[in-house]
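# Commentary on secondary and tertiary structure
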Amino acid sequence: MSLAIVNIGLSHTGDAGGTPLSGDAVVCDDGLISWIGDSADVRPGDHETVIDAAGVGMVPGLIDSHVHSTFGDYTPRQQTVGFLESYVHGGVTRAISASEVHVPGRPTDPEGVKALAIAAQRAFRDFRPGGMTVHAGSVILEPGLTYEDFAYLREQGVWLAKGGFGAVSAPRDYVPLVRDARRAGIVVTFHTGGGSIPGTLERIDADLLLEMNPNVSFHANGGPTAMPAGDNERLVREGEMALQLVMAGNLRSSLDICRLAHEHGQTGRILIASDTPTGTGVVPLALWHLSAELVSLGGLDVDQAIAAMTGQVADVFGLDAGRLEIGRPADLLLLDAPLGSVGRTWADALRAGDIPGVCAAVTSGVVRFDKSRNTPAAARSITIHGQVAASSAGGH
């Protein structure tokens, strides 16, 4: 399958500097970006599908690093079917599991949580809801897990772990679990702030996070209850872990962490995610919603916000996606300012606090839709000659 996109406007390749494409055209072959250059050099007859972007912009597909998937395109917490496909229409082309903690009757013994993580990883290994790649199978840290358990999980393809929901008797019981998981090559994420479900610790604070040193402070702005402001400053000044800000958290805390990160040169540690579906609901536009708030209210600039949803996420989690570069997965978005916005481009719209209009999403080099059903309508229209994948929850 060969796809060519020509006449691209304002672009962002996924790094914090907001580097644009080295041209206004992209070609994708066999699911990867194979060429970047000038539209004049593209021969339409060489490609099954050609998109005339007509000046709209391009960014990498968004990576939501905090999604409560279970099995398939269903969330038992909200009794909703098809939510992952709907997130693709919000521009999310990849999702990272925040652990399968919402599976009804989830096990808490070591063998049970290992089996759950492996089953979830296997369930999404080849399943692509709406074309989305889901990195599932995040083992829940429970007492009794050992380094040997984590090494076994890593051999089985599980490379994620989540702390903060286990049946530990004291908060610091997590410290050896985190260290053993990281030593086995697993990316460890950890609940931050007040407890979100019954039976968990009352609060995970900066003292514990700094001692454990997970890879990611999940919802550093609260999930949904935030830490005190002094803890925010300690995480920024003293820590090295990624600081994930989520739409389902505390906005005031998000702005505070962004301000501190900017003051101390730590914006490269910021990730923007959703933390959905939860009690906040199913929110396909969660990442755009939070990024528009952070940009328009002075927390981040546009380039940093896009990187915090694409390339920076990929760097923290070791993914090959998140960047518009030759050889990378062909996951990308065409987008523009929404109709009626004071902004002339998608970037201007974010600065004004508006959510951009997504004109098309491409995953694995396949056009998944030619008009988002969730974002506002884009000010300009693209033209597609060739194939657009039929929309379905099990699409490939």
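The structure displayed is predicted, hence computed values, not measured ones.

Spatial strand order, 6-9-10: three strands in an open sheet with parallel pairing. At either margin of the open sheet sits one strand with a lone partner, and together these are strand 6 (62–67) and strand 10 (133–135). Sheet twist, expressed as the average angle between the axes of neighbouring strands with direction ignored, equals 20°. Two elements, strand 9 (residues 92–97) and strand 10, share three bridges in a ladder whose sense is parallel. Bridging across to strand 10, Arg94 finds its partner in Thr133.

Within a sheet, each strand pairs with its neighbour through backbone hydrogen bonds, oriented either parallel or antiparallel. A sheet is described by the order of its strands in space; here five strands give the open sequence 3-2-1-4-22, paired in mixed fashion. With one partner strand each, in any of the chains shown, strand 3 (32–37) and strand 22 (383–385) form the two edges of the open sheet. Across this sheet, the average inter-strand angle for adjacent strands is 15°, counted without regard to direction. Where strand 1 (residues 2–6) lies against strand 2 (residues 25–29), four bridges are found, and the strand directions are antiparallel. Among the inter-strand pairings, Ala4 is bridged to a residue of strand 2, identified as Val27.

Under the counting rule described, the total for this entry stands at three aromatic pairs. Consider the rings of Tyr174 and Phe190, whose centres lie 4.9 Å apart with planes at 85°: the pair is edge-to-face. Taken together, the residues Tyr174 in helix 4 (residues 174–183) and Phe190 in strand 13 (residues 187–191) connect sequence positions 16 residues apart. With a relative accessible area of 0%, Tyr174 lands in the buried category. Between Arg183 and the ring centre of Tyr147, over which it is positioned, the NZ or CZ distance is 3.8 Å.

For the rest of this paragraph, the subject is the state of the cysteines. Taken as a whole, this structure holds zero disulfides when the rule is applied. For Cys28, which is in no disulfide, the shortest distance to another cysteine sulfur is to Cys359 and amounts to 16 Å.

So, on to the pattern of salt bridges. Considering all chains together, one arrives at 16 salt bridges under this definition. Here Arg259 ties to Asp256 by a salt bridge, and the two come within 2.6 Å at their closest N and O atoms. Of this pair, Arg259 and Asp256 both sit in helix 7 (residues 251–263), separated by three residues, roughly a single helical turn. We classify Arg259 as partly exposed; its relative accessible area is 41%. Since its relative accessible area comes to 15%, Asp256 is described here as buried. Notably, a salt bridge pairs Asp336 with Arg380, separated by 2.9 Å at the nearest N-O pair.

Another point: the side chain of Thr13. By the element assignment, Thr13 lies in the loop between strand 1 and strand 2. With a relative accessible area of 9%, Thr13 lands in the buried category. A polar side-chain atom of Thr13 sits 2.8 Å from the main-chain carbonyl oxygen of Thr19. Not counting chain neighbours up to four residues away, the residues in contact with Thr13 comprise Thr19, Pro20, Leu21, Pro60, Gly322, Arg323 and Leu324.

Between helix 6 (residues 229–238) and helix 7, the shortest axis-to-axis distance is 10 Å and the interhelical angle comes to 35°. Along this stretch, helix 6 crosses helix 7, giving a crossing that reads as right-handed. Facing helix 6, whose interface residues are Ala229, Asn232, Glu233 and Val236, helix 7 presents Ser253, Asp256, Ile257, Leu260 and Ala261.

The subject of this paragraph is the confidence of the model for the chain. Atomic detail in the predicted coordinates should be set aside for any region of low pLDDT. Counting all residues, the mean pLDDT for the chain is 94, and 96% of those residues have values of 70 or more. Below pLDDT 50 for its whole length, residues 392–396 participates in 20 contacts with residues either more than four positions away or in separate chains.

Another aspect to go through is the pairing of strand 18 (residues 270–273). Burial along strand 18 is two-sided: Ile270 and Ile272 and Leu271 and Ala273, pointing in opposite directions, are all buried. Note: strand 17 (residues 242–246) against strand 18, four bridges, orientation parallel. Looking at the pairing, Leu243 lines up with Ile270 of strand 18.

What follows covers the nonpolar core. Of all hydrophobic cores here, the largest spans 81 residues; its most connected members are Leu141, Phe150, Ile272 and Trp288. Sort the elements by how many residues they give to this core and helix 8 (residues 286–296) lands first, with seven residues. Excluding its chain neighbours within four sequence positions, the residues that come into contact with Phe150 are Val139, Leu141, Leu145, Leu177, Asp180, Ala181, Ala184 and Ile186.

Quick notes on the rules
- Residues numbered from 1 in each chain as written.
- Predicted model: local features only at pLDDT ≥ 70, side-chain atom pairs only at ≥ 80, totals over all residues.
- Heavy atoms only, no water.
- Pairing = 2+ DSSP bridges.
- Helix = DSSP H or I, 4+ residues; strand = E, 2+ residues; numbered from the N terminus.
- Axes fitted to C-alpha atoms, helices over the stretch in contact; angles between N-to-C directions.
- Phe/Tyr/Trp six-rings, centres within 6.5 Å; stacked < 30°, edge-to-face > 60°.
- Buried < 20%, exposed > 50% of the residue type's maximum accessible area, 1.4 Å probe, protein only.
- Lys NZ or Arg CZ within 6 Å of the ring centre and 35° of its normal.
- Disulfide = S-S within 2.5 Å.
- Salt bridge = Lys/Arg side-chain N within 4 Å of Asp/Glu carboxyl O.
- Polar contact = N/O pair within 3.5 Å; in protein donor to acceptor, adjacent residues only side chain to side chain.
- Contact = heavy atoms within 4.5 Å.
- Left-handed = near helix turned anticlockwise from the far one by under 90°.
- pLDDT = per-residue confidence, 0-100.
- Core = buried A, V, L, I, M, F, W, Y, C linked by side-chain atoms within 4.5 Å.

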